[in-house]
Amino acid sequence: MLKIFRTSACDLGIDLGTANTLVYSKDQGIVLKEPSVVAVLRHTGKVLAVGEEARAMVGRTPGDIAVLRPLKNGVIADLDVAQHMLQYFIRKTVTSRLYKKPRVIIGTPSINTEMEKRAVVTAAMQAGAQNVYIIEETMAAAIGAGLAVEEPSGSMVVDIGAGTTDVAIISLGGIVRSQAIRIGGIEMDEAIIQYVKRTHSLVIGERTAEAVKISIGSTRVLRQDEARLEVRGRNMLTGLPGALMLSEQEVRLALAEPVAAIIEAVKSTLEGTPPELVADIIDRGMVLTGGGALLRGLDVLLSQVIGITVSVADDPLTCVARGSGKMLDNLKVLRH
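Remember, it's a predicted structure, so these values are computed and weren't measured experimentally.

### What about the confidence of the model for the protein?
- When pLDDT is averaged across the protein, the result is 89; 94% of the residues are at 70 or more.
- Predicted confidence in the protein is weakest over helix H11 (residues 331–335), with a mean pLDDT of 56, and strongest over strand S17 (residues 286–289), with 98.
- Low confidence marks residues 1–9, where pLDDT is under 50. Its contacts with residues over four positions away, or in another chain, come to 32 contacts.

### Looking at the environment of Val58
- Looking at where Val58 falls in the secondary structure, it is placed in the loop between helix H1 (52–55) and strand S6 (65–68).
- Among the residues examined, Val58 registers a relative accessible area of 26% and is labelled partly exposed.
- Considered as a pair, Val58 and Ala39 are 19 residues apart in the sequence and their alpha carbons are 8.8 Å apart.
- When neighbours within four sequence positions are excluded, Val58 is seen to be in contact with Val67 and Arg207.

### Side note on the pairing of strand S1 (residues 11–16)
- Where burial is concerned, most of S1 is hidden: 6 out of the 6 residues are buried.
- Of the two faces of S1, the one carrying Asp11, Gly13 and Asp15 and the one carrying Leu12, Ile14 and Leu16 are both buried.
- Bridge count between S1 and strand S9 (residues 103–108): 5 bridges; the pairing is parallel. The residue of S9 that forms the bridge with Gly13 is Ile105.
- Linking S1 to strand S2 (residues 20–25), which pair antiparallel, is a turn of 3 residues.

### Observations concerning the sheet that holds strand S16 (residues 241–247)
- A sheet is described by the order of its strands in space; here 3 strands give the open sequence S14-S15-S16, paired in antiparallel fashion. Only two strands of the sheet have a single partner each, and these edge strands are strand S14 (202–203) and S16.
- Where S14 meets strand S15 (residues 228–235), 2 bridges bridge the pair, whose relative direction is antiparallel. Of the residues in S15, the one forming a bridge with Val203 is Arg234.
- Contacts from helix H5 (residues 185–200) reach S14 and S16 within the one sheet, and its direction differs from that of S16 by about 110°.
- Sheet contacts for helix H6 (residues 206–216): S15 and S16; angle to S15, the most-contacted strand, approximately 170°.

### Structural notes on the nonpolar core
- Within the largest apolar cluster, 40 residues are counted, with the highest numbers of intra-cluster contacts made by Met156, Ile192, Val196, Val266, Met286, Leu288 and Leu302.
- By residue number, the principal contributor to this core is helix H7 (residues 248–271), which donates 9 residues.
- Split by domain, this core shows at least three residues from each of two domains, domain 1 (152–183 + 258–317) and domain 2 (185–254).
- With residues up to four places along the chain from it excluded, the contact list for Leu302 reads Ile263, Val266, Met286, Leu288, Gly307 and Val310.

### Here we look at the sheet that holds strand S4 (residues 38–41)
- Taken in spatial order, the 3 strands of this open sheet run S5-S4-S6, and their pairing is antiparallel. Taken across any chain shown, the strands that pair with only one partner, and hence form the sheet edges, are strand S5 (47–50) and S6. The mean inter-strand angle of the sheet, taken between neighbouring strand axes irrespective of direction, is 20°.
- Across 4 bridges, the pairing between S4 and S6 is antiparallel.

### Some remarks on the pattern of salt bridges
- Here the structure, examined in full by the defined rule, presents 10 salt bridges.
- A salt bridge links Glu114 to Lys117, with the shortest nitrogen-to-oxygen separation between them at 3.9 Å. Of the two residues, Glu114 and Lys117 both sit in helix H3 (residues 114–126), 3 residues apart, roughly one turn of that helix.

### Topic: the domain arrangement of the protein
- According to the domain assignment, the protein contains domain 1 (152–183 + 258–317) and domain 2 (185–254).
- Each of domain 1 and domain 2 was reduced to a C-alpha centroid, and the two centroids are 27 Å apart.
- A combined buried area of about 1200 Å² lies between domain 1 and domain 2, and 62% of that area is made up of carbon and sulfur atoms.
- In terms of surface lost to domain 2, no three residues of domain 1 exceed Pro258, Leu295 and Arg296, which account for 51% of the buried area on that side.
- At the junction of domain 1 with domain 2, the criterion picks out 1 salt bridge.
- Summed over the shared surface of domain 1 and domain 2, the result is 8 residue pairs in polar contact (both at pLDDT 80 or more).
- Here the side of domain 1 that touches domain 2 gets 4 residues from one element, more than from any other, and that element is helix H9 (residues 298–306).

What counts and what doesn't
Residues numbered from 1 in each chain as written. Predicted model: local features only at pLDDT ≥ 70, side-chain atom pairs only at ≥ 80, totals over all residues. Heavy atoms only, no water. pLDDT = per-residue confidence, 0-100. Helix = DSSP H or I, 4+ residues; strand = E, 2+ residues; numbered from the N terminus. Contact = heavy atoms within 4.5 Å. Buried < 20%, exposed > 50% of the residue type's maximum accessible area, 1.4 Å probe, protein only. Pairing = 2+ DSSP bridges. Axes fitted to C-alpha atoms, helices over the stretch in contact; angles between N-to-C directions. Core = buried A, V, L, I, M, F, W, Y, C linked by side-chain atoms within 4.5 Å. Domains from an automatic or database assignment. Salt bridge = Lys/Arg side-chain N within 4 Å of Asp/Glu carboxyl O. Buried area = accessible area lost by both parts, 1.4 Å probe. Polar contact = N/O pair within 3.5 Å; in protein donor to acceptor, adjacent residues only side chain to side chain.

Written out as structure tokens, the structure reads:
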């Protein structure tokens, strides 16, 4: 688990993700990475835990406690809970002795409407931010991945988050063409849950499905002696505890639909891109960011289908937060 640092800096870049929130400080880099999860009392709405502590309660709470994700598909679904979560994360990374209201840059999916973006700004302001600026996640991810976004040539980034996948063609510091779909890591987990339920009559939880995806998830055959993983849950037929050995091939089948949707979004974005920029992308290739970029074999599969070089960014999980943080030195651009 990432060590939490406290900083006196009053500028923060935040990747407010559906699954995880990352906070970047100009002076110290990534200072916080915690699940975007909040535990509350159902009858009063009182916040009991946030982040890692709340995630540990998933699937284990009594009836009077609800464990909530205040964001769904990159959109704030519960403004009050999101405000509490942001306030907790901001204050956890800023020393109380030298506390000043921070200027905050937040990366949001391009699919968000203006109303949804205003909800993000409102939550951050109520959480204690001095000023709040919004940057599209694909632009932040491209900057965090080290792409030369200000050059007069095309760069392509595919940011696969927990709730959304954002595809963008960037040139001269702007997004020329983009597309976003509400499919990401959580939908992949749900696909695994539904496959195991449908095929083996076993009900497994979100955390188990995520562990399966991370351990043996892939998009193509990577070796002859493929691994198998034991998964445990509740047998739908007997209602009793059950277990089975799940193979990599089965997980590939489970993930086929969300992976196909991501590939289609990439193809659709390229189809409407000016030819000159497509030529640039053929030379430069495509860069994958976000947690979904770590799905084994996805880069190779995309390269085979699209016909261009595909690479995974260094530390893809932190690209949006790092890119947002780097824009702290270019606030005039964001204001514009």
